[in-house]
Amino acid sequence: MNLRSMLIAPSLLFLFVSCKNSTKKEAVPETPEVEVAEKVFINKGHELVSNLVDKVGNHQALSAKKDVIYTYTYTTPDGKSDVSTEKYIFDGELSYGKYEKHQRTLPKLEGVIEQGYDGSNYWLKHNGTIVNDTTALKRVAFSRPTNYYWFAMFQKLLDPGLNYEHLGTETIDNKTYNIVKVSFDSKDDTPKDIYQIYINKETGLVDQFLFTVADFGLFETPLLMQVDYEEVDGFLIPNKRKYKKSTWKAEIDDAPWTHVTWTNIKFNNGLTKADFKI
């Protein structure tokens, strides 16, 4: 075999092997089928609430944000207000509020007050000093879960133990609403809060809702809350609110409103449980 043959032979062998291999079909990994659980609804009211929550951002999406920090401003008709920096961790519903202004919440304590819920205990600090007053701590035990609930209200409307009733439709100011009553199970027959939400048929959002505050004995006469939304990181957040006394027909008088706003809303701040310890 001459030199030319010796050079051509390996080339032919490589070409033969390559052509032979090219005839083999490459194995394509199969894509596993992902089963999406079909939603099961108790009734039409439940379905309407579920669609609402999907619209604004569901609980799973909120949990993925880990935590939130925002500024909370609450102003009553007489001009008194609270201004606090609110911090929550969604896992465990941990809650913290630092009040630079508190004309409504514990107004007798001058200076900065801090409230916290660490997942087990409620606590209060006044100008950096721990406060153990029972009456003051009862106020903390109300405001910490309440402020958290208002922020995550729509997501929590799908919590276990809730009842849904579609009350029909109604047109208000040329807007048609599906009205859904949401109530809570009561194991000891004590009054529980009731929410009557008005879901705009065109937008799928809640423009207003009636609610009671059983902890303060307001479980017969409702309050009407009207809301406006802000888009933050893919969530529609009802960050501008106003409310006053109403009837169960959402009838209101000329009395002034109480106003609540949430500003500077930021998710995923890297908060840890240590941030909520006293």
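To start, this report covers the structure provided alongside it. (Residues numbered from 1 in each chain as written. Predicted model: local features only at pLDDT ≥ 70, side-chain atom pairs only at ≥ 80, totals over all residues. Heavy atoms only, no water.)

Quick look at helix H4 (residues 134-151) now. What sets the pattern is the α-helix's 3.6 residues per turn: residues three or four places apart point alike. An ideal rise of 1.5 Å per residue puts 26 Å on 18 residues; H4 measures up with 26 Å between its terminal C-alpha atoms. The complete set of buried residues in H4 reads Ala136, Val140, Ser143, Arg144, Asn147, Tyr148, Tyr149, Trp150 and Phe151. One side-chain oxygen of the residue at the start of H4 lies 3.3 Å from the amide nitrogen of Thr135, identifying that residue as Asp133. (Helix = DSSP H or I, 4+ residues; strand = E, 2+ residues; numbered from the N terminus. Expected span 1.5 Å × (residues − 1). Buried < 20%, exposed > 50% of the residue type's maximum accessible area, 1.4 Å probe, protein only. Polar contact = N/O pair within 3.5 Å; in protein donor to acceptor, adjacent residues only side chain to side chain.)

Considering only enclosed or pocket space, the second largest pocket measures out at about 410 Å³ in volume. In terms of lining residues, the second largest pocket is bounded by 21 residues, among which Tyr177, Asp207, Gln208, Gln226 and Val227 are the most central. Looking at the lining of the second largest pocket, the elements with two or more residues in it are strand E8 (175-184), strand E10 (206-213), strand E11 (218-232), strand E12 (235-245) and strand E13 (258-267). For the lining of the second largest pocket, the element with the highest residue contribution is E11, accounting for five residues. Across the lining of the second largest pocket, the residue classes break down as eight nonpolar, six polar and seven charged. (1 Å grid on protein atoms, 1.4 Å probe; cavity = no way out; pocket = protein on both sides within 12 Å on 5 of 7 lines; lining within 4 Å. Points joined across faces, edges and corners; volume = space filled by probe spheres on them. Nonpolar A, V, L, I, M, F, W, Y, C, P; charged D, E, K, R; others polar.)

Its 13 residues place the ends of helix H2 (residues 44-56) 19 Å apart at the C-alpha level, agreeing with the 18 Å of an ideal helix rising 1.5 Å per residue. Buried within H2 we find Gly45, His46, Leu48, Val49, Ser50, Leu52, Val53 and Val56. A distance of 3.1 Å separates the backbone nitrogen of Gly45 from a side-chain oxygen at the start of H2, and that oxygen is part of Asn43. One or two residues past the end of H2 sits Gly57, with phi positive at roughly 125°.

One recurring pattern in soluble globular proteins: nonpolar side chains tend to sit buried together. Ranked by size, the top nonpolar core spans 43 residues in total, and within it Phe151, Ile197, Phe209 and Phe267 carry the most contacts. Considering every element that reaches this core, the biggest residue donor is H2, with five residues. If we ignore the near neighbours within four places in the chain, the residues touching Phe209 are Trp150, Met153, Tyr195, Gln196, Ile197, Tyr198, Leu223, Leu224, Met225, Val227 and Arg241. (Core = buried A, V, L, I, M, F, W, Y, C linked by side-chain atoms within 4.5 Å. Contact = heavy atoms within 4.5 Å.)

Okay, the side chain of Ser81 next. Mapped onto the elements of the fold, Ser81 is located in strand E2 (residues 81-89). What makes Ser81 buried here is its relative accessible area of 6%. In terms of polar contacts, Ser81 uses its side chain to reach the side chain of Lys101, at 3.2 Å. Not counting the four nearest positions on each side in its chain, Ser81 is found in contact with Tyr74, Thr75, Lys101, His102, Gln103 and Arg104.

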